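# Fold and geometry: a report
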Amino acid sequence: MSLKLEHVNYIYGSDTKLAVHALKDICLEIPDGQFIGLIGHTGSGKSTLVQHLNGLLEPTEGKIFYDGRDIWEKSFSKKELRSNVGLVFQYPEHQLFEVDVFSDVCYGPKNLGLPKEEVEARARQALRLVGLSEEYDKQSPFELSGGQKRRVAIAGVLAMRPKILVLDEPTAGLDPKGRDEILGQIAHLKRETGISVVLVSHSMEDVANYVERIVVMNRGSVLFDDVPREVFGHVKELEEVGLAAPQVTYILHQLVECGFAVDRQATTIAEARDTILNALKTG
Amino acid sequence: MSIIEAAHVSYDYIRRDEEGNIEGEVRAVNDVSLSIAPGDFIAILGHNGSGKSTLAKHINALLVPSEGTVLVDGKDTKLEENVWEVRQSAGMVFQNPDNQIIGQVVEEDVGFGPENMGIPTKEIWERVEESLKMVGMYAYRKHSPNKLSGGQKQRVSIAGVLAMHPKCIVLDEPTAMLDPNGRKDVIRAARALNDVEGVTVILITHYMEEVIFADRVFVMDEGRIVMQGTPREVFSQVERLQKLRLDVPQVTLLAHELQKSGLPLPDGILTAEELTAELEKLRDAG
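Residues numbered from 1 in each chain as written. Chains lettered and ligands numbered in written order. Predicted model: local features only at pLDDT ≥ 70, side-chain atom pairs only at ≥ 80, totals over all residues. Heavy atoms only, no water.

## Some details on the overall build of chain A
Scanning chain A for helices and strands turns up 11 helices and 10 strands. Rg of the C-alpha trace for chain A: 20 Å, near the compact-globule value of 19 Å for 283 residues, within the 12% margin. If you line up chain A on its principal axes, its C-alpha atoms span 65 × 50 × 30 Å. Counting over 283 residues, chain A shows a buried share of 54%. Carbon and sulfur atoms form 48% of the exposed surface of chain A, whose accessible area is close to 12400 Å². (Helix = DSSP H or I, 4+ residues; strand = E, 2+ residues; numbered from the N terminus. Rg over C-alpha atoms; globule rule 2.2 N^0.38 Å. Buried < 20%, exposed > 50% of the residue type's maximum accessible area, 1.4 Å probe, protein only. Areas by Shrake-Rupley, 256 points an atom, 1.4 Å probe, with all protein chains shown as cover.)

Encoded structure:
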């Protein structure tokens, strides 16, 4: 069930003087069951790219295939695509509107035209998957905390049973615990259901801690597409495009300069701890 | 004299039903007393819903206490006749850069505040120029704010507050929506106006790294101040902070993990330099 982008170009206002070439020759494949981080500074084309994944924008040039089929062919149902590729926007809690949590999560599957029992079963499962127990079902979504609201919004997309879940900065504005909870739930979800997750984030630490592959965007092109250790090895290049490496990477670089035999490519606290302990023992 | 003096401040949000009857009350700030000296760089931490934004809104009289008093530069915020002066003394910058810019051109936006204060035109332009230079946005003075990045917009918002010559500026999660570079630029601008201009800065944030150079850190929970001290004192208490749904800077966390694995490191390491120096000591001793 992969999603494949072939030489995708997108130009905003292509027939005007103000044309902006937002995506340039993007080739990318999102296979089954992968946790992918998408990073890039403001205006690098991340959001434009994300909106191509579920057919909200049509490429000016190039093709997008879902499960081998061109999504812009007439016979391809956008409704089906959007139930398979779920998109959670920034600040999704602003889109909550129902009287209680359960009804809000039912809204998506109900619109798919599913029978009532199926709709409710999906909503129930989605809410449990994001870690909200039954006691929240009848509460107004507006009385929940920021992190809880966001989980309701994510459940609303999960209830569509997507094969690919795309989240645009799901932790913006949350406190550190709320951030860890959301990302922990998403990682858990990925393990439980085997779906693919694309995480758009400005936090290099979050990306380093959770994803297995990082796609770096710059000026509408893919700059790097690799495992975190490799991508964060390019500290200079990342800084040049307005990004950074995780903070532990900087610490390790500094230690190397001072003659410690540590692994510079460690990207998480646990990896950094282990390589420092090792270096001290053998040194 | 302190620039901000809060004495036993409590604030209740009152929920009303459609007829206006009181449905319930939530005490968002609970008996908070604090005093901030002119020229300090203060950070306020706390999880979502801990009351930090509610407290911040008291500093420029967007909210007035249900109980207790807040004095800004000696003026009681509760008195209607003080509101203008209080807002001139204490400016505020919010989280979302798109909600606080109104001008069509950067320099017009920055001039809006002083213009409203009735400042003569010539002086407005002087203030606009000086404020934009302060935040490193002077080169963009003729640009449309729409074309700026989030970090640039936030710096324009800060310039807009600076142009009113405040004694104190409250930044309520100014970097929450920004990319790493934008975040760095905004924090750099805030530090510069504190260091160079001596403006009192009160920074509310979820990014622990942004507060390591603050003079004092306050941690809020359930409307109260539950911890306060220098960054080193506060961040030494890793487990306590985690219980409060917070975090410590990554360097501090790494040092804490190394401590737990048996390395004799001091508490509250805040920078990569400190950690490197401590590890070098250990290596040379071993």
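## Side note on the packing of aromatic side chains
A full pass over the atoms with the stated rule returns 4 aromatic pairs over all chains. Ring geometry for Tyr10 of chain A against Tyr12 of chain A: centres 4.8 Å apart, planes inclined by 85°, an arrangement best described as edge-to-face. Among the residues examined, Tyr10 of chain A registers a relative accessible area of 13% and is labelled buried. For Tyr12 of chain A, a relative accessible area of 33% gives the class partly exposed. Between the aromatic rings of Phe97 of chain A and Tyr107 of chain A, the centroid separation amounts to 5.0 Å while the plane-to-plane angle is 90°, which identifies the pairing as edge-to-face. One end of the pair, Phe97 of chain A, is in the loop between strand S6 (85–88) and helix H3 (101–111); the other, Tyr107 of chain A, is in helix H3, with 10 residues separating them in the sequence. Lying over the aromatic face of Trp72 of chain A, Lys78 of chain A brings its terminal NZ or CZ to 4.0 Å of the ring centre. The ring of Tyr138 of chain B carries Arg141 of chain B above its face, with NZ or CZ at 4.1 Å from the centroid. (Phe/Tyr/Trp six-rings, centres within 6.5 Å; stacked < 30°, edge-to-face > 60°. Lys NZ or Arg CZ within 6 Å of the ring centre and 35° of its normal.)

## Digging into the interface of chain A and chain B
Contacts between the two partners involve 32 residues from chain A and, on the opposite side, 34 residues from chain B. Across the chain A to chain B interface the summed buried area is about 3200 Å²; carbon plus sulfur atoms make up 60%. Of all residues in chain A, the largest losses of buried area upon contact with chain B belong to Asp175, Ile251 and Ile269 of chain A, amounting jointly to 18% of the total for that side. If you look at where chain A meets chain B, you find 4 salt bridges. Of the charged contacts in the structure, one is a salt bridge between Arg245 of chain B and Glu181 of chain A, with a shortest N-O distance of 3.5 Å. Connecting chain A to chain B are 10 residue pairs in polar contact (both at pLDDT 80 or more). Within the residue set of the side of chain A that touches chain B, elements represented by two or more residues are helix H6 (176–193), helix H7 (204–210), helix H10 (247–257) and helix H11 (269–282) of chain A. Looking at side-chain class alone, the side of chain A that touches chain B contains 16 nonpolar, 9 polar and 7 charged residues. (Contact = heavy atoms within 4.5 Å. Buried area = accessible area lost by both parts, 1.4 Å probe. Salt bridge = Lys/Arg side-chain N within 4 Å of Asp/Glu carboxyl O. Polar contact = N/O pair within 3.5 Å; in protein donor to acceptor, adjacent residues only side chain to side chain. Nonpolar A, V, L, I, M, F, W, Y, C, P; charged D, E, K, R; others polar.)

## Focus: the pairing of strand S7 (residues 164–168) of chain A
Residues and elements named next belong to chain A. S7 sits mainly inside the fold: 5 of its 5 residues count as buried. Sheet topology note: the S6/S7 ladder contains 4 bridges and is parallel. Its bridge partner being in S7, Gly86 is matched across the sheet by Leu165. By the bridge criterion, 5 bridges tie S7 to strand S8 (residues 196–200) in an arrangement that is parallel. Bridge pairing in S8 places Asp168 opposite Val200. Crossover connection from S7 via H6 to parallel S8: handedness right-handed. (Pairing = 2+ DSSP bridges. Right-handed = clockwise from strand over helix to strand, strands pointing away.)

## Quick look at the packing of helix H3 (residues 106–116) of chain B against helix H4 (residues 121–134) of chain B
For any two helices packed against each other, one specifies the crossing angle of their axes together with the interaxial distance. Residue and element names in this part refer to chain B. H4 packs onto H3 with a crossing angle of 120° between their chain directions and a minimal axis gap of 9 Å. It follows that H3 is oblique to H4 by the angle criterion. Of the two elements, H3 crosses H4, and the hand of that crossing is right-handed. Residue-level contacts link Val106, Glu107, Val110, Gly111, Pro114 and Glu115 of H3 to Ile124, Trp125, Arg127, Val128, Ser131 and Leu132 of H4. Considered class by class, the residues forming the contact of H3 with H4 number 7 nonpolar, 2 polar and 3 charged. (Axes fitted to C-alpha atoms, helices over the stretch in contact; angles between N-to-C directions. Parallel < 35°, antiparallel > 145°, perpendicular 65-115°, else oblique. Left-handed = near helix turned anticlockwise from the far one by under 90°.)

## Considerations on the nonpolar core
One recurring pattern in soluble globular proteins: nonpolar side chains tend to sit buried together. The biggest cluster of nonpolar side chains holds 70 residues, and the ones touching the most others in it are Ile276 of chain A together with Ile158, Ile169, Val219, Phe235, Leu275 and Leu279 of chain B. If one sorts the elements of this core by residue count, H11 of chain A sits on top with 6 residues. Every residue in contact with Leu275 of chain B, bar those within four places of it in the chain, is listed here: Ile251 of chain A together with Val251, Leu254, Ala255, Leu258, Leu265 and Ile269 of chain B. Phe102, Leu129, Val152 and Ile214 of chain A belong to the second largest nonpolar core, which has 49 residues in total. (Core = buried A, V, L, I, M, F, W, Y, C linked by side-chain atoms within 4.5 Å.)

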